[in-house]
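Listed below, chain by chain, are the residues.
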Amino acid sequence: MSLDRRTVSEADFPDWLRAVGTGFLRSASAPPPEEEVAVRLAHTDLSRLQGVFDAGRCVATFRSFAQELTVVGGAKVQADAVTAVTVSPTHRRRGLLSRMMATDLAAAKERGDVVASLIAAEYPIYGRYGFGPATWTAEWEIDVPRAGLDPRAPVPSEADGGRIELVDGADVRKLGPELHGRLAARQHGVVSRDERWWQRSTGVDVPSFESWTEPFYAVYRSADGETDGLIAYRADDHWGDGKQPLNKATVAGMLAVTPAAERALWHFVCSIDWITTVRSGYRAPDDVLPLLLPDPRAARIVTQADWLWLRLLDIPRALEARTYATEAALVVDVRDATGLAGGRFLLDVSPSGASCVPTTRDADLTLDVAELGALYLGDESPVRLAALGRLDEHRAGAAATADAVFRTPRRPWCPDVF
């Protein structure tokens, strides 16, 4: 029987959820309970759900939703956020993902989305669809006794008139969106959070089928009372045989928009009584956290991997949306096997703005649209891509020029998974 790819209907939705659970190894073959179906359906746009069905049974899933992405310089572009991508183990290698991805990207292009975004569960999958790893992430584990912090010393915030306060979930829902907006205005790689995100992350209306442990929340307020930082963390309860505390604090999220807030919040969480280990949660790979400690060796990296992947859908709009620190002109030939976004473009940039227009001039560089996605937020080096054979340089020095054009002083960071 032929496989039927279609937009998911309300009647299909329970089986679609079952297939998602199967694909991510989260549940057995039974559909989820009616309560779970109802809760998830209330917050789902069915028009952006796809499924592939074999004899009426869902065997592949795909979802997208609207998202905003902060690019270099603070502007935001509309993104087609891709998630819930699965193919059941019985139906692999039949091109099901390719069919769903082609349908979704064509719709995103038609809508006018500038990029598509995703968090890749597996590295090798998405390059063939034009996605490149645009941000990376790192997580540190801090040996608090070794760090050299004096728990009796005042938290750094006190020296400049700032203070740290413990707050609750209601405070976070009130203060968090504005703080996140300030971060998104300055940190490239940040993606949008809607009201539902803040509710779920603070335990509002947690359904019975989801477990929830309330974290501790603390905010940093500057001397003028401005909330410049927020941290959420959970702690375990582990004591050694000698009745000594061996507790670990795991940071669920930390946002800071000033160096003072960042320093104060990390010092705070590393100075809590009984906490001997701190897990940082996912941070930018160039996060300053280790260097805030008297002994940076007390922080060891436990995770370092690709994170946010981007696929450019409108190259002129994407490249004109971000800012550039140098003045240069490049002719870039972008290959795109799908025909969605390829072409040869003259990119003319300066600190005052950029233009990107089609051209027939000889190319300085040739690269795949996936490699352009990796370069877009400034995290990858064109020189390194050339050394890897993933970028062709047709004019001597063009890769070095592109490096100066695209790279940024600090690496991009996406705090969220979706």
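For the structure, check the block above.
The structure displayed is predicted, hence computed values, not measured ones. (Residues numbered from 1 in each chain as written. Predicted model: local features only at pLDDT ≥ 70, side-chain atom pairs only at ≥ 80, totals over all residues. Heavy atoms only, no water.)

Draft legend 1. Spotlight on the layout of surface pockets. If you add up the space inside the second largest pocket, you get close to 540 Å³. Together, 25 residues line the second largest pocket, and Arg186, Gln187, Ala256, Glu262 and Arg410 are the ones closest to its centre. Elements supplying a minimum of two residues to the lining of the second largest pocket: strand E11 (247-256) and helix H7 (259-269). For the lining of the second largest pocket, the class distribution of residues is twelve nonpolar, five polar and eight charged. (1 Å grid on protein atoms, 1.4 Å probe; cavity = no way out; pocket = protein on both sides within 12 Å on 5 of 7 lines; lining within 4 Å. Points joined across faces, edges and corners; volume = space filled by probe spheres on them. Helix = DSSP H or I, 4+ residues; strand = E, 2+ residues; numbered from the N terminus. Nonpolar A, V, L, I, M, F, W, Y, C, P; charged D, E, K, R; others polar.)

Draft legend 2. Main features of the sheet that holds strand E3 (residues 57-70). Ordered in space as E1-E2-E3-E4-E5-E14-E6, the seven strands form an open sheet in which the pairing is mixed. At either end of the open sheet lies a strand with only one pairing partner, and these are strand E1 (4-7) and strand E6 (132-133). Most of the contacts of helix H1 (residues 13-23) go to E3, to which it runs at about 85 degrees, and overall it touches strand E2 (49-54), E3 and strand E4 (76-87). (Pairing = 2+ DSSP bridges. Contact = heavy atoms within 4.5 Å. Axes fitted to C-alpha atoms, helices over the stretch in contact; angles between N-to-C directions.)

Draft legend 3. Molecular detail of the pattern of salt bridges. Following the criterion strictly, the structure yields 30 salt bridges and no others. The salt bridge involving arginine 111 is made with aspartate 80; its shortest N-O contact spans 3.1 Å. Pair noted here: arginine 111 is in helix H3 (residues 96-111) and aspartate 80 is in strand E4, with a separation of 31 residues, a long-range link. Classification of arginine 111 as partly exposed rests on a relative accessible area of 41%. Note on aspartate 80: relative accessible area 0%, which makes it buried. Across the pair arginine 163 and glutamate 165 runs a salt bridge, and its minimum N-O distance is 2.6 Å. Here glutamate 165 falls in the partly exposed class, since its relative accessible area comes to 23%. By sharing partners, the salt bridges in this structure join Glu139, Glu141, Lys248, Arg279 and Arg300 into a single network. (Salt bridge = Lys/Arg side-chain N within 4 Å of Asp/Glu carboxyl O. Buried < 20%, exposed > 50% of the residue type's maximum accessible area, 1.4 Å probe, protein only.)

Draft legend 4. Structural view of the side chain of serine 271. Mapped onto the fold, serine 271 is located in the loop between H7 and strand E12 (275-279). Only 2.7 Å separates the side chain of serine 271 from the backbone oxygen of histidine 267, close enough to count as a polar contact. (Polar contact = N/O pair within 3.5 Å; in protein donor to acceptor, adjacent residues only side chain to side chain.)

Draft legend 5. Structural view of the pairing of strand E16 (residues 343-350). Here seven bridges tie strand E15 (residues 328-335) to E16, and the two strands are oriented antiparallel to one another. Note on E16: the bridge partner recorded for valine 331 is leucine 346. If you look at the hairpin formed by E16 and strand E17 (residues 353-358), you'll find two residues sitting between the two strands.

Draft legend 6. Broad picture of the sheet that holds strand E7 (residues 136-143). Read across the open sheet, the seven strands follow the order E8-E9-E10-E11-E12-E7-E13; overall the sheet is mixed. The open sheet is flanked by strand E8 (163-167) and strand E13 (299-306), the only strands paired with a single partner. On average, adjacent strands in this sheet sit at an angle of 25 degrees to one another, irrespective of strand direction. Of the strands in this sheet, E8, strand E9 (216-221), strand E10 (227-235) and E11 touch helix H5 (residues 169-184), which is tilted by about 125 degrees from E10.

Draft legend 7. The packing of aromatic side chains, seen in detail. All told, the structure shown has eleven aromatic pairs when counted by the stated rule. Geometrically, the ring pair formed by tryptophan 239 and tryptophan 274 is edge-to-face, given 4.9 Å between the ring centres and 75 degrees between the ring planes. Of this pair, tryptophan 239 sits in the loop between E10 and E11 while tryptophan 274 sits in the loop between H7 and E12, placing them 35 residues apart in sequence. Look at tryptophan 274 and you get exposed, because its relative accessible area is 54%. By the ring-pair criterion, three or more aromatic residues cluster together here, those being Tyr126, Tyr129 and Phe131. (Phe/Tyr/Trp six-rings, centres within 6.5 Å; stacked < 30°, edge-to-face > 60°.)

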